[in-house]
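Geometric and topological summary
In case you want the letters, here they are:
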Amino acid sequence: MSVKTSGIGTGGLAAVLALSRIFSEAALLPGEYIGYGMQRFTAVVLSFILAAAVWLPLYLVMQRAGEVSAPDLVCGCGRAVSGFTGTILSVYLLFCAAETGFRAHCYASGTAFDSAPSAYFYIFTGAALLFAVSRGLKPTVRAGFLAFAGFLLLLALIVLSLLPDIKMDRLYPSLIDDPRSLLSEVLDEFSRSSELLLPALLCRGQGCKPAKCAGICLLMSCGGILLMTFLYNTVFGHLVSLLDYPFYALSSVSDITLLHRINGIDVMIWVSAAIVRLALFTFAFRETVSVCFSAKKAAPVCGYVFGAAALLISDLFTAYPEMYDSLNNVCSSGIPLTAAAVMLAAASGTGLALKNKGKAAER
Amino acid sequence: MLERELEKNTVNVRALMKNTSDLTMKYAKAGGVGVCVISCDGQTDTNRLANLVYRPLSGIDPSVNDPDRIAAMIGGELLIACDEKPVESAEEIVAAVTAGFCVILIDGVAKGWAIGVQGFETRSVTQPENHRNIRGAREGFVEALHTNMSLVRRRVKSPELVFRTMTVGKTSRTEICVCRMDSVSDRKLENEVIERLEKMPLSLVLESGFVQPFLEDKHPLFSEVGATERPDVFVSKLYEGRIGIIIDGSPFALYVPKLFSENFIMLDDYVEKPVFALFIRLVRYTAFLVSILLPGFYAALANFHPELIPDSLLRNLAAAESLTPYSVLTECVILDVFYEIMREAGLRLPSNVGHAVSIVGGIVIGDIVVSAGLVGAPMLLTIAIASISGYIVSDLNNQISLMRFVFILAGGLFGLFGLTVTAFVFCVSACSAESYGMPFMSPLSPFSAKAMRDTFARAGWRKLARTDPDIFDGGEGK
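Residues numbered from 1 in each chain as written. Chains lettered and ligands numbered in written order. Predicted model: local features only at pLDDT ≥ 70, side-chain atom pairs only at ≥ 80, totals over all residues. Heavy atoms only, no water.

Residues and elements named next belong to chain B. Taken together, the five strands give an open sheet; going across it, the order is β6-β7-β9-β10-β8, and neighbouring strands pair in antiparallel fashion. The strands lining the two open edges of the sheet, one partner per strand, are β6 (161-168) and β8 (226-228). Pairwise comparison of adjacent strand axes, ignoring direction, gives a mean angle of 25 degrees for this sheet. Examined bridge by bridge, β6 and strand β7 (residues 174-181) share eight bridges and lie antiparallel to one another. The partner of L161 across the bridge, within β7, is M181. (Pairing = 2+ DSSP bridges. Helix = DSSP H or I, 4+ residues; strand = E, 2+ residues; numbered from the N terminus. Axes fitted to C-alpha atoms, helices over the stretch in contact; angles between N-to-C directions.)

Following this line, the structure appears as C-alpha cells:
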C-alpha cells in the first residue's frame, strides 16, 4: 500500500470544508430559509456562481504570490493596514464561529439530542474543541475527513432507502417563480459561503493549494446541496418548509424499517461537523493573530480564548434569539461576506504589488 | 589487553566473571604448549566442543613447541569451526563466553580465539499461537535470534535483504537484529530506528515489549509499532519498505511503521479470491465498530433516545429491563467488567483450566444472572456480541476494551451526544498519531486512492504485482 506521508492534502481540506458548508445547510431552520420547487435549484447554482465571483480575486492574487497565506500578503501593506484587516477578519471569523455553535445547539436540541441541555452541550462541545485545537490542524482535518466519509455513507444509505419514495412529478419545470424571493434565497445561500475564506488562511505549509482547494470545495458543496435539495423536493414536495430539519427527517421516511433509525447517525455526523467547523475557524483566527498582529507566541492562547468566546456568544444567542435574528438579517444579505472578501483581496493585492515593486527597486 | 602468561589471563577472566560456578576452564597441551579452553557450562554443545576444538588441538604434533606457531595453526591453518574470531581483552573473552562461544588461550600469546560452539536448548519451530491462519505456513518465530533470522532469510534468498545486528542492554547484552529490504526501505528510517535502539537506557532486555516503547512515538492509546509471530507476515512488511527488528529471546518480531488499517489485514486475505477478501475485511471493520460502540449505543438509546428503537423491539427491551433491579448503565458496566475479568482469567490460567473458566463464566454464570433477574437478556446479548466482535481484530484487543468502556460511560451518562463527542475525541486522537512521520490513520485519512486497492478491498494478484509495494507515497519518505 502507498500512503501520503505529510500535509493535509488539497482534497482532504476541501472535503472537510464542504462538509462544514453542507452542515450549515442541513442544520438550517427550513421553515424560514428553504424554498420548494425548481427555483431552489436555480438559487443554489446562482449563489455558488456569485460566491465564486466574489472569492476569485483573492485566489488569483494568492496564486500569483505562490506559497504564502493571505495574511502574509496583507502584512506587506504595513502595520496599520494589516492590523485593521486582522481586526475585521477576526470579528467576521468570530461571528461565523458563534453562528456555528448556535446552529449546532439548535439542531442538537431539536433532534435526537433533545436530552442535551444548553450548559452541558456547550461544556462538552468546548472540551472537544479544546482537544481538537490542542492537537493541531492536521489531526482535526483528518478527523473531519472521516466524518465526511461517514456523511457520504449516510447519504448513500438515505438515497438507497428512499428510492421507492422519490416522486419526480414533485419537480415542476418553472425555474423562477418569484424574482424577489429568488434574489433573497440566492443572497441567503451566498452568505453561507464563509468556508471559502479558510483555504486562504490555512493552506500555508500544509501541502495544499488554496485556489484548487477552494474550487474543489465549491463544487463539492454545490453538488451536495443540490442532491439534498433534490431529495427534499422529490420526497417531501411542498411539505419541505414545514419540517424543522429536512435532512434529519429524510432519514425517517424510508420504507425500510431498519433504516428509519439512521437519523441518530445523522445527528452524530452534524455535531462532529460543527465541532470541526468551529475548530477550523479557530485555526484561521490563530493564523490571523499570528501574522496580522505579529503575535506568534500569543496566537495559541488567543485561539483558546476565541473558541471560548464563540461558544459564549452562541449561548447568548440561545438566550436572546432576537439578537441572533437581527445579526443574521444583516449577515444573510451577503454584505459582511462580500466586504470581507473584497477587503482581503484588495489588501493582499496591494501587499503583493508593493512586494513586487520593492523587488524591482532592489534590482 | 591480554598478557602473554596464560595463568594471568585466566585469573583475570575468572575475576571478571566473579568466579561464577558455570565458568569452565579446561587446561591442556596443544603440541608442546599449554592452552586453556574457556567456556560457559550449558551455553555450549559438548559434542561440537569435542569435535571442533579438543580433537584438532590434541591432533597437533607434540614436537611443535613454538606458541606463535600454535597460534598460527589455530588462527588459520587448522579447520576448527566456521564461526571464529580473535579476542584481545578479558572483557571480550567474557562477552564471547557468555554468548556461547568457547575461547582458546595459548601460553605465551597475548591473544585468544573465540570459537562458535553454541549449543543451548531452544524451542523448535512451531505454529504461531496468536496469529493463526488457514492456508499459510505453519512456522512461527522462536526465541533464538539466529533461528528467526534463518526463517526470514529462507523466504528472501536475495541480497536485497540486509541484516544488521547490535547488542542492547548493559546487563543482559541482548542481541538485536535490524532488517530491511535494500531497494524499498528508507535509509533515514533505518538510521532512526538504530539510533533509538542505541539510546535505549535499559540494562535488561528480556522481551520485544521492553524495546517497543522506545520505538513508539508517545501516543497514549495506539501503538505505532507492529508485532508479529509469523515470518511470512514479517517478510511482507519488509517488502513494503518497513524496518524489522528481531530480538533474541522473543518469539515476536517488531516492525515500523505500523498503520491503523493494517490491523484489519490478514495473510489469508491474499490466498482467497479478492471478492471474499473485500467481504471479510468489511466484516472486520464492522466488527471493530460494533465491538467498541454497540454497548454504549445501547445504553444511550435505552436511557435517552428510546424513540430511535423500533416499537416492537422497544417493547421487548422494556419488558426485559423491567425485571432487573439495576439501571441500564449499571448493568452494562457490571457485565463489561465481568467479561474483562473472565478474559483476563482465561488468558493467565493453564489452557485446560481456562476452558473450564470460560464454560463456567460464559454459560453457567451468564444463564444464572439472567434467570435470577440480575441483568436483562438483551444487555447480556449486547455485551456478548461486542466481546466476540472484539476478537476478530486481535491486535487491537486492549484498545477495544478500553474504548468500549469509555463509550459505555459516555453513552450511558450523556446519551448520543456524549457518544458523538467521545467518538470525535478518539478520532482526533487517532488522527494525531504519527509513526515515523507517517500518519497512523492513512490511507483512510489522509486519503490515498492508490492505497485503496489493498485497504478495504484487495486487488487481484495480477494487479497487485504491477504496483509498487512501497508504502511511501511519491518517494517522500526516501
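Moving on: the interface of chain B and chain A. On the side of chain A, 32 residues touch chain B, which itself brings 47 residues to the contact. Buried surface at the junction of chain B and chain A, summed over both partners, amounts to about 3800 Å²; 68% is from carbon and sulfur atoms. When the area that chain B buries against chain A is broken down by residue, the three leading residues are L308, F417 and F424 of chain B, summing to 19%. Put simply, chain B and chain A have one salt bridge between them. Put simply, chain B and chain A have four residue pairs in polar contact (both at pLDDT 80 or more) between them. Only α14 (397-432) and β12 (438-439) of chain B provide two or more residues apiece to the side of chain B that touches chain A. Considering every element that reaches the side of chain B that touches chain A, the biggest residue donor is α14 of chain B, with 13 residues. Here the side of chain B that touches chain A is composed, by residue class, of 28 nonpolar, 10 polar and nine charged. (Contact = heavy atoms within 4.5 Å. Buried area = accessible area lost by both parts, 1.4 Å probe. Salt bridge = Lys/Arg side-chain N within 4 Å of Asp/Glu carboxyl O. Polar contact = N/O pair within 3.5 Å; in protein donor to acceptor, adjacent residues only side chain to side chain. Nonpolar A, V, L, I, M, F, W, Y, C, P; charged D, E, K, R; others polar.)

Let's shift gears to the sheet that holds strand β2 (residues 33-40) of chain B. Hydrogen bonds between backbone groups are what pair the strands of a sheet, and the pairing can be parallel or antiparallel. Residues and elements named next belong to chain B. Read from one edge to the other, the open sheet built from five strands follows the order β1-β2-β4-β5-β3, with strand pairing classed as antiparallel. Strands at the two margins of the open sheet, each flanked by one partner only, are β1 (23-30) and β3 (84-87). Going from strand to strand, the sheet's axes swing by 25 degrees on average, the running direction of each strand aside. Both strand β4 (residues 101-106) and strand β5 (residues 112-116) contribute to a ladder of five bridges, which runs antiparallel. Bridge pairing links V103 to A114 in β5. Packed on one face of the sheet, helix α1 (residues 6-16) meets β1, β2 and β4 and runs near 170 degrees to β1. Against the sheet, helix α4 (residues 90-98) touches β1, β2, β3, β4 and β5, its axis set at about 145 degrees to β4.

Once that is clear, we can look at the pairing of β7 of chain B. Two faces make up the sheet, and in a regular strand the side chains alternate between them. Residues and elements named next belong to chain B. Along β7, seven of the eight residues are buried, which leaves the element largely enclosed by surrounding structure. Two elements, β7 and strand β9 (residues 243-247), share four bridges in a ladder whose sense is antiparallel. Counterpart to I176 in the pairing with β9 is I247. (Buried < 20%, exposed > 50% of the residue type's maximum accessible area, 1.4 Å probe, protein only.)

Structurally, T467 of chain B can be placed in the segment after α15 (461-466). In this structure the C-alpha to C-alpha distance between T467 of chain B and S250 of chain B, which are 217 residues apart in sequence, comes to 34 Å.

Residue and element names in this part refer to chain B. Side chains of strand β10 (residues 253-256) alternate between two faces, with A253 and Y255 and L254 and V256 buried alike. With three bridges connecting them, β8 and β10 associate as antiparallel partners. Residue pairing in the sheet places T228 in a bridge with A253 of β10. In the sheet, β9 pairs with β10 via three bridges, with the strands oriented antiparallel. Residue pairing across strands places I245 opposite L254, the latter belonging to β10. Linking two consecutive strands that pair antiparallel, namely β9 and β10, is a turn of five residues; a positive phi of about 100 degrees is found at G249 within it.

Relative orientation and spacing of two packed helices are given, respectively, by the angle between their axes and the distance between those axes. All names here are of chain A. As a packed pair, helix α3 (residues 38-65) and helix α8 (residues 179-190) sit with axes 8 Å apart at the nearest point and diverge in direction by 50 degrees. Taken together, the axis directions place α3 and α8 in an arrangement best described as oblique. Note that α3 runs across α8; the crossing there is right-handed. In contact with Q39, R40, T42, A43, V44, L46, S47, L50, A51 and V54 of α3, α8 contributes S181, L182, E185, V186, L187, E189 and F190. Taken together, the residues that form the contact of α3 with α8 break down as 10 nonpolar, four polar and three charged. (Parallel < 35°, antiparallel > 145°, perpendicular 65-115°, else oblique. Left-handed = near helix turned anticlockwise from the far one by under 90°.)

Counting 153 residues, the largest nonpolar core has F247 and W270 of chain A as its most contacted members. Per-element tally for this core: the top contributor is helix α12 (residues 263-292) of chain A, with 17 residues. The contacts of W270 of chain A, once residues within four sequence positions are left out, are L19, I22, F23, A26, Y107, F151 and F247 of chain A. With 20 residues, the next largest nonpolar core counts I60, V64, A71 and V117 of chain B among its residues. (Core = buried A, V, L, I, M, F, W, Y, C linked by side-chain atoms within 4.5 Å.)

Attention shifts here to the state of the cysteines. When the sulfur atoms of two cysteines share a covalent bond, that bond is a disulfide. All names here are of chain A. Under the criterion given, the structure shown has zero disulfides over all chains. Of all cysteine sulfurs, the one in C331 lies closest to C96, which takes part in no disulfide; the gap is 7.5 Å. Left unpaired, C213 is separated from the closest cysteine sulfur, that of C203, by 4.7 Å. A relative accessible area of 0% places C213 in the buried class. (Disulfide = S-S within 2.5 Å.)

Below, the discussion takes up the domain arrangement of chain B. Partitioning chain B into domains gives domain 1 (6-116), domain 2 (145-258) and domain 3 (270-432). The C-alpha centroid of domain 3 of chain B is placed 63 Å from the C-alpha centroid of domain 1 of chain B. (Domains from an automatic or database assignment.)

Further remarks concern helix α14 (residues 321-331) of chain A. Residues and elements named next belong to chain A. Within α14, burial applies to Y324, N328 and C331. Buried residues of α14, seen end-on, are gathered within an arc of 55 degrees and therefore sit on one face of the element. Exposed residues on α14 whose side chains face more than 90 degrees from its buried face are E322 and N329. (Arc of directions from axis to C-beta.)

This paragraph deals with the side chain of K258 of chain B. Residues and elements named next belong to chain B. In this structure, K258 sits in the loop between β10 and α9 (274-303). The side chain of K258 sits in the buried core without any salt bridge; D395 is the nearest counter-charge, 4.0 Å away. Those residues in contact with K258 that sit more than four places away from it in its chain are S223, E224, V225, G226, N263, D395, S435 and F440. (Lys, Arg positive; Asp, Glu negative; His and termini not counted.)

Let us now look at a nonpolar patch on the surface. Residues I359, V360, I363, V364, I365 and I368 of chain B make up a contiguous nonpolar surface patch of roughly 510 Å² in combined accessible area. By secondary structure assignment, the location of I363 of chain B is in helix α12 (residues 351-371). (Patch = residues over 30% accessible without salt bridge, like charges linked within 9 Å, V, L, I, M, F, W, Y side chains within 5 Å. Areas by Shrake-Rupley, 256 points an atom, 1.4 Å probe, with all protein chains shown as cover.)

With that settled, consider the packing of helix α6 (residues 118-135) of chain A against α12 of chain A. All names here are of chain A. The contact between α6 and α12 brings their axes to 10 Å, and the two run at 50 degrees. What the angle tells us is that α6 and α12 run oblique. The hand of the α6/α12 crossing is right-handed. Mapping the contact onto sequence places T125, A128, L129, A132 and V133 in α6 and I275, L278, A279, T282, F283 and R286 in α12. The class makeup of the residues in the contact of α6 with α12 is eight nonpolar, two polar and one charged.

Our next topic: the pattern of salt bridges. Per the counting criterion, the structure on display carries 34 salt bridges over all chains. E189 of chain A is paired through a salt bridge with R21 of chain A; the nearest N and O atoms lie 2.8 Å apart. You can see E189 of chain A sitting in helix α8 and its partner R21 of chain A sitting in helix α1 (residues 10-26), a full 168 residues away along the chain. For E189 of chain A, a relative accessible area of 1% translates into the label buried. With relative accessibility at 2%, the residue R21 of chain A sits in the buried group. Of the charged contacts in the structure, one is a salt bridge between R180 of chain B and E190 of chain B, with a shortest N-O distance of 2.8 Å. With R180 of chain B in strand β7 and E190 of chain B in helix α6 (residues 187-198), the pair connects residues that are 10 residues apart, well separated along the chain. We note that R180 of chain B, like E190 of chain B, is buried.

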